[in-house]
Amino acid sequence: MRWILKDEYDVVVVGAGPAGSMASYYASKNGVKTLLVEKSQEIGEPVRCAEAIPKLEEFNIPLSEEFVRSYIKGGYLIAPNGKKVEIRGSKTEGYVVERKIFDKYLAIRSAKVGTKIAVKSRVVDLYPYKDGFKVKVIHLGEEYTVKTKIVIAADGMESSVAEMVGLRCKKNPMEVCSCAEYEMTGVKLLDKHMMEFYFGDLSPKGYAWIFPKGDTANVGLGVIDKSKKAIDYLNEFLEHPILEDRLKDATPVEFKCGGVPVGGPIERTVDDNIMVVGDAAGQVSPLTGGGIYLAMSCGSIAGEVASKAVKKEDYSKETLMEYERRWKKKFYNTLMTELKYKNILQKLNEEDLNIIAEVIDDKLEDIDVKKIIFKVIKKAPSLLKYFKDIIG
Ligand SMILES: Cc1cc2nc3c(=O)[nH]c(=O)nc-3n(C[C@H](O)[C@H](O)[C@H](O)COP(=O)(O)OP(=O)(O)OC[C@H]3O[C@@H](n4cnc5c(N)ncnc54)[C@H](O)[C@@H]3O)c2cc1C
């Protein structure tokens, strides 16, 4: 490991989550000398995730791999009065994976095309110098300085790297949804569907979920609220009468918790010699808190752009802006629209949520939110004030 940290690189990627492993894979695959630095002892651990990923087929990853636990056929939205609304379509189909194995798989795939990987190695500082950055890394108590032309900050929600270079600001923290989750055996599931519970007071400004995961299920909840811990909300949720039948034979086998940045992406994700990707850039669905697909997609773009920059020997902000243009073109509008929906959902009380569930009682093949809004307003004109912005 030590010799790896004594070398010089074209690209140093900080963080071996899905964003970092995809970025390093595409940089190395295109012949660029790449180092992936991970502070944890084991890549993929501790797990902080409900592990559901849509559109995994896009990434050319064999889905026969041992990390796939369940195929998700669709979902049910469950209202406070217990009403279930089935949703199907591209937004709800996907896979639940074993992230411990999945994250390792992605990192190993990257190593196979040439990425050097340093675990138990924490990036603690960056110093600009004429050719790029000197990256200060602590590995087993010893300090190393690694020179690189480009840094890709994929160090997750609490990204210190983005802060070090002024692309994120401590004074203006991201809006964070606090999550807690039990993986449980013995949960009575609804076929191959995930369930999402919008229950107002039980999960303030968030929602609760049950995702099938092979022999087990992830049962969790996210809240934007500081008055109580997410685990306390979760324990209350588990006691809710609506879950009595589903959980009567359930036993927790693992507890997971963490935060998801749901306030929308940061505006600037690029500067000279640096790009910020994944949770570090707030590339997370504000509505669902899902970030793996976005981290993988944006990480892939960052890796490709880094390799082009190395070939051109131009590491300037102007060249790296291709990354920002590409990810924004693909995702920015959707993320900002989801942010609007999330802000509306947070204002609705349980009665309003019941009305919406009533209105969208049909099976939804592919969610057309505008159609739903028109139906909701027809049934409950008092809700118009919330949706005015969206329908114009
Ligand atoms: C409870 C919970 C449930 C979730 N459920 C889902 C879900 O079902 N589906 C979904 O799509 N998303 C879900 N998410 C969100 C998802 O986990 C993230 O969006 C995703 O992991 C982001 O990937 P990333 O690579 O950007 O960051 P991470 O996966 O957070 O990876 C960042 C890596 O950087 C490392 N690191 C940090 N700082 C340093 C440093 N200074 N030096 C070296 N290494 C460093 C970390 O150890 C970590 O390995 C959930 C999140 C939580 C908390």
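Residues numbered from 1 in each chain as written. Predicted model: local features only at pLDDT ≥ 70, side-chain atom pairs only at ≥ 80, totals over all residues. Heavy atoms only, no water.

### Re the overall build of the chain
To be explicit about the condition: Helix and strand assignments follow DSSP, with helices taken as H or I runs no shorter than four residues and strands as E runs no shorter than two, numbered in order from the N terminus. To get the radius of gyration, use the C-alpha atoms; to get the globule rule, take the number of residues to the power 0.38 and multiply by 2.2 Å. Relative accessibility thresholds used throughout: buried, under 20% of the residue-type maximum; exposed, over 50%; partly exposed, between the two (1.4 Å probe, protein chains only).
Looking only at helices and strands, the chain has 11 helices and 18 strands in total. The C-alpha radius of gyration of the chain comes to 22 Å, within 12% of the 21 Å expected for a compact globule of 392 residues. Its C-alpha atoms give the chain principal-axis dimensions of about 65 × 50 × 40 Å. Taking all 392 residues of the chain together, the buried fraction comes to 54%.

### Quick word on the packing of aromatic side chains
Heads up, the condition is: Stacked, edge-to-face and tilted are the three classes for Phe, Tyr and Trp ring pairs, Trp counted by its six-membered ring, which pair at centre distances within 6.5 Å; planes under 30 degrees apart are stacked, over 60 edge-to-face, the rest tilted.
By the definition in use, this model includes 14 aromatic pairs. Both rings, one in Phe59 and one in Tyr293, keep their centres 5.7 Å apart while their planes meet at 65°; by these two values the pair is edge-to-face. You can see Phe59 sitting in the loop between strand S3 (52–54) and strand S4 (68–72) and its partner Tyr293 sitting in helix H7 (residues 292–312), a full 234 residues away along the chain. The exposure class of Phe59 is buried, given its relative accessible area of 6%.

### Thoughts on the packing of helix H2 (residues 18–29) against H7
For any two helices packed against each other, one specifies the crossing angle of their axes together with the interaxial distance. Note the threshold: All axes here are fitted lines through C-alpha atoms, helices being fitted over the stretch that makes contact, and every angle between N-to-C directions spans 0 to 180 degrees. When describing relative orientation, an angle under 35 degrees is termed roughly parallel and one over 145 degrees roughly antiparallel, while 65 to 115 degrees is termed roughly perpendicular and anything else oblique. The crossing is said to be left-handed when, going from far helix to near helix, the turn is anticlockwise and less than a right angle, and right-handed when the turn is clockwise. What makes two residues a contact is simply this: any of their non-hydrogen atoms within 4.5 Å. Three classes are used, and their members are as follows: Ala, Val, Leu, Ile, Met, Phe, Trp, Tyr, Cys and Pro are nonpolar, Asp, Glu, Lys and Arg are charged, and the others, Gly among them, are polar.
Close contact between H2 and H7 brings their axes to 7 Å; oriented N to C, the two are set at 30°. The orientation of H2 with respect to H7, classified from their angle, is roughly parallel. Two packed elements cross with a definite hand, and for H2 against H7 that hand is right-handed. On the side of H2, the interface is formed by Pro18, Ala19, Met22, Ala23, Tyr26 and Ala27, while H7 contributes Ile292, Ala295, Met296, Gly299, Ser300, Gly303, Glu304 and Ser307. In terms of residue class, the contact of H2 with H7 is made up of nine nonpolar, four polar and one charged.

### So, the packing of H2 against helix H3 (residues 99–112)
Across the interface, H2 lies against H3 with an axial gap of 8 Å and an inter-helix angle of 20°. The angle between H2 and H3 places the two elements in the roughly parallel class. When you trace H2 past H3, the crossing you get is left-handed. On H3, the residues that touch Pro18, Ser21, Met22, Ser24, Tyr25 and Ser28 of H2 are Arg99, Asp103, Leu106, Ala107, Arg109 and Ser110.

### Focus on helix H9 (residues 350–359)
Under the convention used in this document: Any pair of nitrogen or oxygen atoms within 3.5 Å is treated as a polar contact; in protein, a donor-acceptor pairing is required on top of that, and neighbouring residues in sequence qualify only through side-chain atoms on both sides.
Here H9 has its buried residues at Asp352, Leu353, Asn354, Ile356, Ala357 and Val359. Regarding H9, its N-cap is Asn349, as a side-chain oxygen of that residue lies 3.1 Å from the backbone nitrogen of Glu351 further along.

### Notes on the environment of Ile43
Counting through the fold element by element, Ile43 comes out in the loop between strand S2 (34–37) and S3. On the basis of relative accessibility, which here comes to 9%, the residue Ile43 falls in the buried class. Sequence separation between Ile43 and Asn60 is 17 residues; the distance between their C-alpha atoms is 21 Å. Other than its neighbours up to four places away in sequence, Ile43 contacts Ala16, Glu38, Lys100, Asp103, Lys104, Ala107, Ile117 and Val119.

### Looking at the UniProt feature "binding site: FAD" (unreviewed entry) in the chain
Defined as follows: UniProt positions are given in the numbering used here, feature names are shortened, and annotations may be inferred rather than shown by experiment.
Within this numbering scheme, the UniProt entry marks Ala19, Glu38, Cys49, Ala50, Ala52, Arg99, Val123, Asp279, Gly291 and Ile292 as carrying the feature "binding site: FAD" (unreviewed entry). Taking the farthest pair of C-alpha atoms as the criterion, the annotated set spanning 274 residues is dispersed, since that pair is 28.8 Å apart. By secondary structure assignment, the location of Val123 is in strand S9 (residues 121–129). When its relative accessible area of 9% is taken as the criterion, Val123 is described as buried. Once you skip the residues sitting within four places of it in the chain, Val123 turns out to touch Val14, Val37, Val135, Lys136, Val137, Val161 and Met164.

### Details of the site of the ligand
Selection criterion: Throughout this document, a residue counts as near a molecule or strand when at least one of its heavy atoms sits within 4 Å of that molecule or strand. Only the protein chains shown count as covering a residue, and every accessible area follows the Shrake-Rupley method with a 1.4 Å probe. For each domain, the first and last residues come from an automatic or database assignment.
Around the ligand there are 34 residues in total, and Glu38, Ala50, Ala52, Asp279 and Ile292 lie nearest to it. At 2.9 Å, a backbone N or O of Ile292 approaches an oxygen atom of the ligand. Coverage of the ligand by the protein amounts to 89% of the 1000 Å² it exposes when considered alone. Listing elements by their share of the shell around the ligand, those giving two or more residues are H2, S9, strand S16 (251–261) and H7. When its residues are assigned to classes, the shell around the ligand shows 15 nonpolar, 11 polar and eight charged. In this structure, the shell around the ligand is formed jointly by two domains, domain 1 (2–44 + 100–170 + 264–338) and domain 2 (52–97 + 174–261), each of which donates at least three residues.

### Focus: the nonpolar core
Spelled out, the test is: Within this scheme, the nonpolar core is defined by two criteria: the residues are buried Ala, Val, Leu, Ile, Met, Phe, Trp, Tyr or Cys, and they are joined through side-chain atoms within 4.5 Å.
Within the largest apolar cluster, 51 residues are counted, with the highest numbers of intra-cluster contacts made by Phe102, Ile150, Ile152, Met275, Met296 and Tyr323. The set of elements that each furnish at least two residues to this core consists of strand S1 (8–14), H2, strand S7 (94–97), H3, strand S11 (142–153), H7 and helix H8 (317–347). The element contributing the most residues to this core is H7, with 12 residues. When residues of this core are sorted by domain, at least three fall in each of domain 1 (2–44 + 100–170 + 264–338) and domain 2 (52–97 + 174–261). Among all residues touching Tyr323, those that are not within four sequence positions of it are Thr269, Val270, Met275, Val276, Val277, Gln283, Cys298, Ile301, Ala302 and Val305. One finds Ile72, Trp209, Ile372 and Leu383 within the second-largest nonpolar core, a separate group that totals 31 residues.

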